Amino acid sequence: MNLSYTPHTSFGVVSVEENRLDASIAIQFKDAFRSVTADGGDVILDLTSVEFLDSSGLGAIVAVYKGLGPARHMALAGLQPPVEKVMTLTRMNSVFAIFPSLDQAIAAASQTAAE
Amino acid sequence: MSNPSGARAAERPVPDVQRRIVSGTAQVREALDQVRLDCAGAGADDALNTSAQIVLAEVLNNVVEHAYLYAEGHPIDVSIWVREDGLWCEVVDEGRVMPDGTPPAGIMPDIDVSAPGTLPEGGFGWAMVRRMTRDIEYARQNSRNHLGFLIPA
């Protein structure tokens, strides 16, 4: 499970460096996410590299979001069409702020932080 | 055409895609990649192939988790007929029978955006399968599960 963390002023970017976020790595994803976001503020989950998400991967995203607690927000960035399709089918697109690209998500988060 | 997976073996056409997978989540991941290439080679377009990836991932992982209880090394046979109306699929395994002898109803879990702490973390798999397929048929024959369905074009 390859995942990277980039801290910004008031938020951090977690990038999933895998082409599939699925049943075979869902548990490792949850562990890795929790360890890199143990301290800090809001999170942008960068899914740019992820070509495919299954229900286990989706469940893991929901689980880590809940694990952040009510005070921290999480946005999703860089959804490829199959990932977006799963988000839409399950209506999880109503839960998360979703940005077409990581740059747009960072711009929005930076603006929010400046206000 | 009628559902090829429902026809008698002797009468039905040879599948366009055929894969034997050995049970295991990593093996399913690898097989899905191969099936995507196979289906594209047999004429399925990107949108249909995306649907197939989503549906087959759920169906195959359900076999690994619920029919074989994560035991590795057991066979899962996937057959796909690429037709104008979509992908007719059949998945056969030798694991446990489905609960109540029938595929899950697959009701999409409720989401309450105002209460993030209550968001569901599971229950999406069969709900997505039900939303993305038609003509689901399930039979238990000779200690095997046969699941057939159409992923419409």
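Structural data are supplied above this passage.
A few points on the structure. (Residues numbered from 1 in each chain as written. Chains lettered and ligands numbered in written order. Predicted model: local features only at pLDDT ≥ 70, side-chain atom pairs only at ≥ 80, totals over all residues. Heavy atoms only, no water.)

## Notes on the overall build of chain A
Argument step 1. The number of helices and strands found in chain A is four helices and seven strands.
Argument step 2. Ordered by position from N to C terminus, the α and β elements of chain A give β-β-β-α-β-β-α-β-α-β-α.
Argument step 3. Burial statistics for chain A: of 115 residues in total, 50% are counted as buried.
Argument step 4. The contacts of chain A with a sequence gap of at least 6 include a subset with a gap of at least 24, amounting to 69%.
Argument step 5. When the accessible surface of chain A is summed, it comes to about 5,000 Å², and 51% of that surface belongs to carbon and sulfur atoms.
Argument step 6. Taking the average place of the 7 positive charges on the side chains of chain A and the average place of its 12 negative ones, the gap between the two points comes to 11 Å. (Helix = DSSP H or I, 4+ residues; strand = E, 2+ residues; numbered from the N terminus. Buried < 20%, exposed > 50% of the residue type's maximum accessible area, 1.4 Å probe, protein only. Contact = heavy atoms within 4.5 Å. Areas by Shrake-Rupley, 256 points an atom, 1.4 Å probe, with all protein chains shown as cover. Lys, Arg positive; Asp, Glu negative; His and termini not counted. Charge placed at Lys NZ, Arg CZ, Asp CG, Glu CD.)

## Quick word on the sheet that holds strand β2 (residues 11-16) of chain A
Residues and elements named next belong to chain A.
Argument step 1. Strand order across the open sheet formed by five strands is β1-β2-β4-β6-β7, with mixed pairing between neighbours. At either margin of the open sheet sits one strand with a lone partner, and together these are β1 (3-7) and β7 (97-99). For this sheet the average axis-to-axis angle between neighbouring strands, irrespective of direction, equals 20 degrees.
Argument step 2. The sheet contact formed by β2 and strand β4 (residues 42-46) spans five bridges and is parallel. Counted as the bridge partner of Val14 is Leu45 from β4.
Argument step 3. In this fold helix α1 (residues 26-36) packs onto β1, β2, β4 and β6 (74-77), with an angle of close to 20 degrees to the strand it touches most, β1. (Pairing = 2+ DSSP bridges. Axes fitted to C-alpha atoms, helices over the stretch in contact; angles between N-to-C directions.)

## Notes on the sheet that holds strand β1 (residues 17-22) of chain B
Residues and elements named next belong to chain B.
Argument step 1. Taken together, five strands build an open sheet; the order of strands is β1-β2-β3-β5-β4 and the sheet is antiparallel. Only two strands of the sheet have a single partner each, and these edge strands are β1 and β4 (134-141). With strand direction ignored, the average angle separating the axes of adjacent strands in the sheet is 15 degrees.
Argument step 2. Here eight bridges tie strand β2 (residues 75-83) to strand β3 (residues 86-93), and the two strands are oriented antiparallel to one another. Along β3, the bridge assignment pairs Val78 with Val91.
Argument step 3. The strands that helix α1 (residues 25-41) touches are β1, β2 and β3; relative to β1, the one it contacts most, it runs at about 175 degrees.
Argument step 4. The strands touched by helix α3 (residues 125-132) are β4 and β5 (144-152); relative to β5, the strand with the most contacts, the crossing angle is about 50 degrees.

## So, helix α3 (residues 81-89) of chain A
Argument step 1. Every buried residue of α3 of chain A is accounted for by Pro82, Val83, Val86, Met87 and Leu89 of chain A.
Argument step 2. Those residues of α3 of chain A hidden inside the fold are in contact with β5 (52-53), α2 (55-67) and β6 of chain A together with α2 (46-67) and α3 of chain B.

## Side note on the interface of chain A and chain B
Argument step 1. Across the contact, 25 residues belong to chain A and 30 residues belong to chain B.
Argument step 2. Across the interface of chain A and chain B, roughly 2,300 Å² is buried in total on both sides, 60% from carbon and sulfur atoms.
Argument step 3. By the criterion of area lost to chain B, the three top residues of chain A are Arg20, Lys66 and Leu89 of chain A, representing 26% of everything that side buries.
Argument step 4. Taken together, the connections running from chain A to chain B amount to three salt bridges.
Argument step 5. In this structure, Arg29 of chain B and Asp22 of chain A form a salt bridge, with 3.1 Å as the shortest nitrogen-oxygen distance.
Argument step 6. The interface formed by chain A and chain B includes 11 residue pairs in polar contact (both at pLDDT 80 or more).
Argument step 7. Per element, the largest residue contribution to the side of chain A that touches chain B is eight residues, and it comes from α2 of chain A.
Argument step 8. For the side of chain A that touches chain B, the class distribution of residues is 12 nonpolar, six polar and seven charged. (Buried area = accessible area lost by both parts, 1.4 Å probe. Salt bridge = Lys/Arg side-chain N within 4 Å of Asp/Glu carboxyl O. Polar contact = N/O pair within 3.5 Å; in protein donor to acceptor, adjacent residues only side chain to side chain. Nonpolar A, V, L, I, M, F, W, Y, C, P; charged D, E, K, R; others polar.)

## Re the packing of α1 of chain A against α2 of chain A
All names here are of chain A.
Argument step 1. Running from N to C, α1 and α2 point in directions that differ by 20 degrees, and their axes come no closer than 9 Å. Here α1 lies roughly parallel to α2, going by the angle between them. In terms of crossing hand, the pair formed by α1 and α2 is right-handed. Contacts from Ala26, Phe29, Lys30, Phe33 and Arg34 of α1 reach α2 at Ser56, Ala60, Ile61, Ala63 and Val64.
Argument step 2. In the contact of α1 with α2, the residues fall into seven nonpolar, one polar and two charged. (Parallel < 35°, antiparallel > 145°, perpendicular 65-115°, else oblique. Left-handed = near helix turned anticlockwise from the far one by under 90°.)

Note that all results are geometric; they support no functional claim without further evidence.
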